[in-house]
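# Close look at the chain arrangement
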Amino acid sequence: NALQVYTKESLPQGWARTQNNLGAAYETLGERLGGTEAAEMLRAAVTAYQNALQVRTKASLPQDWATTQNNLGIAYEILGERLSGTKGAESLRAAVAAFQNALQVYTKESLPQGWAITQNNLARTLALQEEWEEAARATENVLSLYPKMIEGLVRAEGIYHNRLFRFDRAFELNARRVELGEGELDFIEKHLTTARFDACATRASALEPEISESDQRQVLTALRFACLSAAQKIADARAAGRQLRQQTAGLDKVRWTFTGTKHFASQHAAFAARSADWVRLFEAMEEGDEAKANAALTALGVPE
């Protein structure tokens, strides 16, 4: 309705501002809906933002141009998540391009908050494309300005630990998150993958009374079992292994990804003699395969 008065010819900036607002409304509607309707709304959002950019140019209205480029990137990102195959990939690439455009104006020096917000959006989209190095770099940019940002810490930790296998940096970031009051179970895993085996087992024992969810207790016990084994504390390791066997009776998939831990176990000397069995144990927990978990535990010297 507003666009009946705010026309591009007579009131171009009002027209562009309203097109930008229209894009935001379509985008939010697209997030609320599902299936074909959602995709249609998100495409309408893209069109509205592109309309706004006909007036909001970099040369004449640089900050408005950057704002709309950032909004366009978000719409493309959400659309890319909803679509599959080539169309989804194309949408994600368009999102990256829009965010990079916005960063031509949103610089850390002149507009640090806009720069950080856009870097975070860029990092999220790059992660969806599995561009791990670039996603980590963009997230580090965000953390350089907001070092206590939980979303950034979690994303960076996950990339460094499970994708790039840079375990020391993952440990540093997780330590920061623990200081903020969360991420202790993750931190125990980071102790394992940086070969802090004694501290890993100690922290795991201390955390055990605080964990109530059954699958998280299984994760904790598995990590403690691995750390005790790596530290060559044989009796304690076997006790932890027996506890894990009891916990995995009727095993379902755990809400955990052991990718970094599996890589570490396959490479580190402390696990060399049985590395394949350790990997098989962690795989079984991810898959919810009780028989596979029991076979791995038996191979690791845990009596039935």
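Description of the structure in this document. The structure displayed is predicted, hence computed values, not measured ones.

## Topic: helix α5 (residues 112–128)
- Relative to the 24 Å expected for 17 residues at 1.5 Å per residue, α5 spans 24 Å between its end C-alpha atoms, a close match to the ideal helical length.
- With 12 of its 17 residues buried, α5 lies for the most part within the structure.
- Gly114, Trp115, Ala116, Thr118, Gln119, Asn120, Asn121, Leu122, Ala123, Thr125, Leu126 and Ala127 are the residues of α5 that are buried.
- In this structure, the buried residues of α5 make contact with α3 (62–82), α4 (85–102), α6 (132–145) and α7 (150–162).

## What to know about unusual backbone geometry
- Here Glu130, not a glycine, exhibits a phi torsion of approximately 60 degrees, which is positive.
- Following the sequence through the fold, Glu130 ends up in the loop between α5 and α6.
- The class for Glu130 is exposed, based on a relative accessible area of 54%.
- Located in the positive-phi region is Gln232, a residue other than glycine, with phi close to 60 degrees.
- Inspection of the secondary structure puts Gln232 in the loop between α11 (214–230) and α12 (234–247).

## Some words on the layout of surface pockets
- In this model, the largest pocket occupies a volume close to 310 Å³.
- Listing elements by their share of the lining of the largest pocket, those giving two or more residues are α7 and α9 (184–193).
- A per-element tally of the lining of the largest pocket places α7 first, with six residues.
- Considered as a void within the structure, the second largest pocket measures approximately 250 Å³ in volume.
- Around the second largest pocket, the lining comprises 15 residues; the ones closest to its centre are Ser229, Ala230, Ile234, Trp278 and Leu300.
- The set of elements that each furnish at least two residues to the lining of the second largest pocket consists of α11 and α12.
- Tallied by class, residues from the lining of the second largest pocket come to 10 nonpolar, three polar and two charged.

## What about α6?
- With 14 residues, α6 should reach 20 Å at 1.5 Å per residue; the first-to-last C-alpha distance of 20 Å fits that figure.
- Turning to α6, its buried residues are Trp132, Ala135, Ala136, Ala138, Thr139, Val142 and Leu143. Down the axis of α6, the smallest arc covering the buried residues is 165 degrees, so these residues share one side.
- Its buried side turned inward, α6 meets α5, α7 and α8 (167–179).

The rules behind the values
Residues numbered from 1 in each chain as written. Predicted model: local features only at pLDDT ≥ 70, side-chain atom pairs only at ≥ 80, totals over all residues. Heavy atoms only, no water. Helix = DSSP H or I, 4+ residues; strand = E, 2+ residues; numbered from the N terminus. Expected span 1.5 Å × (residues − 1). Buried < 20%, exposed > 50% of the residue type's maximum accessible area, 1.4 Å probe, protein only. Contact = heavy atoms within 4.5 Å. 1 Å grid on protein atoms, 1.4 Å probe; cavity = no way out; pocket = protein on both sides within 12 Å on 5 of 7 lines; lining within 4 Å. Points joined across faces, edges and corners; volume = space filled by probe spheres on them. Nonpolar A, V, L, I, M, F, W, Y, C, P; charged D, E, K, R; others polar. Arc of directions from axis to C-beta.

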